[in-house]
Amino acid sequence: SPVSPDVAVGGGPSPYVHTLESIPAKEGDLMMMTYATGGVREMLHNWVLHVERLGLPVLVSAMDKDAVALATEKKFHCLDWSHTAAAEDTSYVRGSEAGFRALGVRKLDVLLPVLRMGINVVLSDVDCVWSSSPLPMFHG
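The rules behind each value
- Residues numbered from 1 in each chain as written.
- Predicted model: local features only at pLDDT ≥ 70, side-chain atom pairs only at ≥ 80, totals over all residues.
- Heavy atoms only, no water.
- Buried < 20%, exposed > 50% of the residue type's maximum accessible area, 1.4 Å probe, protein only.
- Helix = DSSP H or I, 4+ residues; strand = E, 2+ residues; numbered from the N terminus.
- Pairing = 2+ DSSP bridges.
- Right-handed = clockwise from strand over helix to strand, strands pointing away.
- Contact = heavy atoms within 4.5 Å.
- Core = buried A, V, L, I, M, F, W, Y, C linked by side-chain atoms within 4.5 Å.

Moving on: the pairing of strand E3 (residues 58-62). A large share of E3 lies buried, amounting to five of its five residues. Residues Val58, Val60 and Ala62 line one face of E3 and the alternating positions Leu59 and Ser61 line the opposite face, and both faces are buried. Alignment of strand E2 (residues 30-36) against E3, held across five bridges, turns out to be parallel. For alanine 36, the partnering residue across the bridge sits in E3 and is alanine 62.

What follows is the structure, encoded as structure tokens:
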């Protein structure tokens with residue numbers, strides 16, 4: 001039987017799948033953040049690898065269960081926002097105006113609570129490749 005994406009292989013909850021209350025950051029911390037559905041899994045994995053290579057903390061807003069499953073499989077931290085998914089935006093949405101708009105609204109819905117927690121975010125799309133740390137730009 002298939003394993004639930006938010007359950008680790010041993011049967012317990014995945015240490016990589018988070019709610020707002022369990023994000024591995026505290027007020028004042030900085031996280032590199034992106035959003036993704038399973039429809040862009042290759043780009044998401046590439047984004048995570050580049051950010052991790054720079055030694056920066058990763059937080060992916062997983063917008064569907066496929067993205068949550070990838071976080072568990074590849075062992076990177078995600079904020080499980082899949083419970084907000086609508087039928088229009090659960091896959092690659094570039095070909096669907098309604099899906100693209102619905103996903104855009106959900107992106108703000110997940111970003112605002114993270115910012116309200118006092119977590120600083122460098123936000124980028126998954127098609128961004130980080131070849132160097134953006135942190136020097138913030139420190140002057």
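Okay, the pairing of E2 next. Burial analysis of E2 places six of its seven residues in the buried class, which makes it a mostly covered element. Two strands pair when backbone bridges link them, and E2 and strand E5 (residues 120-123) are joined in this way by four bridges, in the parallel orientation. Bridging across to E5, methionine 33 finds its partner in leucine 123. The parallel pair E2 and E3, bridged by helix H1 (residues 41-53), forms a crossover whose chirality is right-handed.

Let's shift gears to the environment of glycine 38. Along the polypeptide, glycine 38 turns up in the loop between E2 and H1. Placed 25 residues apart in sequence, glycine 38 and methionine 63 show a C-alpha to C-alpha distance of 8.2 Å. Not counting residues up to four positions away in its chain, the partners in contact with glycine 38 are Asp64, Asp66 and Ala67.

This brings us to unusual backbone geometry. Positive phi values are uncommon outside glycine, yet lysine 75 reaches one of about 60 degrees. By the secondary structure assignment, lysine 75 is in the loop between helix H2 (65-74) and strand E4 (78-80). With relative accessibility at 53%, the residue lysine 75 sits in the exposed group.

Burial in H2 covers these residues: Ala67, Val68, Leu70, Ala71 and Thr72. Buried residues in H2 make contact with strand E1 (17-18), E2, H1, E3 and E4.

Moving on to the nonpolar core. Within the largest apolar cluster, 21 residues are counted, with the highest numbers of intra-cluster contacts made by Leu44, Trp47, Val60 and Phe76. Elements represented by at least two residues in this core include exactly E2, H1, E3 and H2. Once residues within four sequence positions are removed from consideration, leucine 44 is found in contact with Thr34, Ala36, Val60, Leu70, Phe76 and Val126. Counting 15 residues, the second largest nonpolar core, distinct from the first, contains Ile23, Ala25, Leu79 and Leu103.

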